[in-house]
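Listed below, chain by chain, are the residues.
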Amino acid sequence: MKPVYMDNNATTQVAPEVLEAMLPYFHELYGNPSSMHSFGGQVMQALRRAREQVAALLGASAEEIVFTSCGTESDSTAIRSALLTNPDKRHILTSRVEHPAVRALCSHLATQGYRVTELPVDGEGRLDLEQYKRALTPDTAIVSLMWANNETGVIFPIEKAAEMARERNILFHTDAVQAVGKIPIDLAKTPIDMLSLSGHKLHAPKGIGVLYLRKGVKFSPYLLGGHQERGRRGGTEATPSIVALGVAAELAQKKMDVENGYVKGLRDRLEKTILDTVPNTKVNGDREHRLPNTSNISFEFVEGEGILLMMDEFGICASSGSACTSGSLQPSHVLRAMGIPFTMAHGSIRFSLSVYNTGEEVDFVLEKLPPIIETLRGMSPYWKTGARLCREA
Ligand code: PLP
């Protein structure tokens, strides 16, 4: 059964053009780009080209691109570098809805004597810029805010936040793993110092990422070793994946408008029809400032896991906003930060589409999903006794 894959914020299919471009670097052009011989030199040329392609997508220059192994490494490198290059500052400013790649690191740093402020969000997942401004202090070493949320797709006003940090001479990092390739980004026009991206979210393979490092920003490498990446990240370059990311970046740049218009059309139809046909449903997150591919929908009185399992029987792939950890079903930290009521947060499903989805697939989900919800609600004591009892509890 071919999956109906609507989990593209988790990972994406490698684009056929991307796969084709990277293959020769496994078996024909396998030289080490650092070698003196011309066999390696050809590969160095390919890396140079990929660097330019990624830079073009971001409005950056090629020397500001540092290849890493993933988004998580880029996030860690950026935050640790800011702390090491500003040893007299002990404050990190971030938000409550960051990806674990940032949150887990910040929690760890809090145990090492750093002061971490996690800004709250409102019920729609939005950041309050006035509150953000008040939290910027002379002791702040770095601000790290995500550009777009992986669970809800909500887009933060990153350009404004970066400007406010710059006015106070505070380093600004953004985790743009979900934003790159989905919304236009022009780093020439915004004072972002560091930005993280990850190849596997934009139709390149897993295991390749980028840290954008603005020219002139003081930097302390995370991986010390060889002179690769101008001494900013030791380790022989993952040449096939870097070539792949270059091509993926070029494709994203060329096709972003058209493709995202198409994806948004599919997403909006899916979302609207679900809201119209299934009672007690709600979209989580600011619908205006949102990625074009993401829809996070709560189905009241149903457990997300149940929906996922039943959809899985039809080959439909999505994600839920709750995770079964240590025996207790905890709604995600993002939905909790938004204050989504328990009965809603538990039944949340994230659909994240891509250009490889079709109208027929949307129809298929729209055919299968409503009876799934009806079946699950039929088994739910809360649904049977009604919302009133549950709300009183
Ligand atoms: N940041 C965000 C917002 C993400 O969605 C993800 C992956 O889901 C990451 C960071 C981590 O990226 P990677 O899987 O490349 O380490």
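Coordinates for the structure precede this section.
These remarks concern the structure in this document. (Residues numbered from 1 in each chain as written. Predicted model: local features only at pLDDT ≥ 70, side-chain atom pairs only at ≥ 80, totals over all residues. Heavy atoms only, no water.)

**Focus: the packing of helix 8 (residues 239-277) against helix 12 (residues 359-379)**
- Look at helix 8 against helix 12: their axes get within 10 Å of each other, and the N-to-C directions meet at 20°. Judged on the interaxial angle alone, helix 12 and helix 8 are roughly parallel. As helix 8 packs across helix 12, the resulting crossing turns out to be right-handed. Contact with helix 8, carried on its side by Y262, L266, R269, L270, T273, I274 and T277, involves G359, V362, D363, V365, L366, L369 and P370 of helix 12 and no other residues of that element. (Axes fitted to C-alpha atoms, helices over the stretch in contact; angles between N-to-C directions. Helix = DSSP H or I, 4+ residues; strand = E, 2+ residues; numbered from the N terminus. Parallel < 35°, antiparallel > 145°, perpendicular 65-115°, else oblique. Left-handed = near helix turned anticlockwise from the far one by under 90°. Contact = heavy atoms within 4.5 Å.)

**Here we look at the packing of aromatic side chains**
- This model, assessed by the stated rule, comprises two aromatic pairs.
- Relative to F39, the ring of Y30 lies with its centre 5.1 Å away and its plane at 75°, an arrangement referred to as edge-to-face.
- Across the ring face of Y114, the terminal group of R90 is positioned such that the distance to the ring centre comes to 4.1 Å. (Phe/Tyr/Trp six-rings, centres within 6.5 Å; stacked < 30°, edge-to-face > 60°. Lys NZ or Arg CZ within 6 Å of the ring centre and 35° of its normal.)

**Here's the deal with the pairing of strand 15 (residues 348-352)**
- The buried fraction of strand 15 is high, at five of five residues.
- Of the two faces of strand 15, the one lined by S348, R350 and S352 and the one lined by I349 and F351 are each fully buried.
- Where strand 10 (residues 294-299) lies against strand 15, five bridges are found, and the strand directions are antiparallel. Looking at strand 15, one finds that S298 is bridged to S348.
- As judged from the two bridges shared by strand 12 (residues 319-320) and strand 15, these two strands associate in the antiparallel manner. Along strand 15, the bridge assignment pairs S319 with R350. (Buried < 20%, exposed > 50% of the residue type's maximum accessible area, 1.4 Å probe, protein only. Pairing = 2+ DSSP bridges.)

**With respect to the layout of surface pockets**
- Volume-wise, the largest pocket comes out at about 340 Å³.
- The wall of the largest pocket is formed by 25 residues, among which G181, L202, H203, E259 and V355 lie closest to the centre.
- Counting residues per element, the ones that place at least two in the lining of the largest pocket are helix 1 (16-22) and helix 8.
- In terms of residues, the lining of the largest pocket owes the most to one element, helix 8, which gives eight residues.
- Considering only residue class, the lining of the largest pocket consists of 13 nonpolar, seven polar and five charged.
- Each of two domains, domain 1 (16-254) and domain 2 (256-392), supplies a minimum of three residues to the lining of the largest pocket. (1 Å grid on protein atoms, 1.4 Å probe; cavity = no way out; pocket = protein on both sides within 12 Å on 5 of 7 lines; lining within 4 Å. Points joined across faces, edges and corners; volume = space filled by probe spheres on them. Nonpolar A, V, L, I, M, F, W, Y, C, P; charged D, E, K, R; others polar. Domains from an automatic or database assignment.)

**Remarks on helix 3 (residues 38-58)**
- If you check helix 3, its first and last C-alpha atoms are 30 Å apart, about what 21 residues at 1.5 Å a residue would give, namely 30 Å.
- For helix 3, the set of buried residues is G40, V43, A46, L47, A50, R51, Q53, V54, A55, L57 and L58.
- The positive-phi residue at the C-terminal boundary of helix 3 is G59, with phi of around 70°. (Expected span 1.5 Å × (residues − 1).)

These results come straight from atomic positions and should not be treated as a statement about function.
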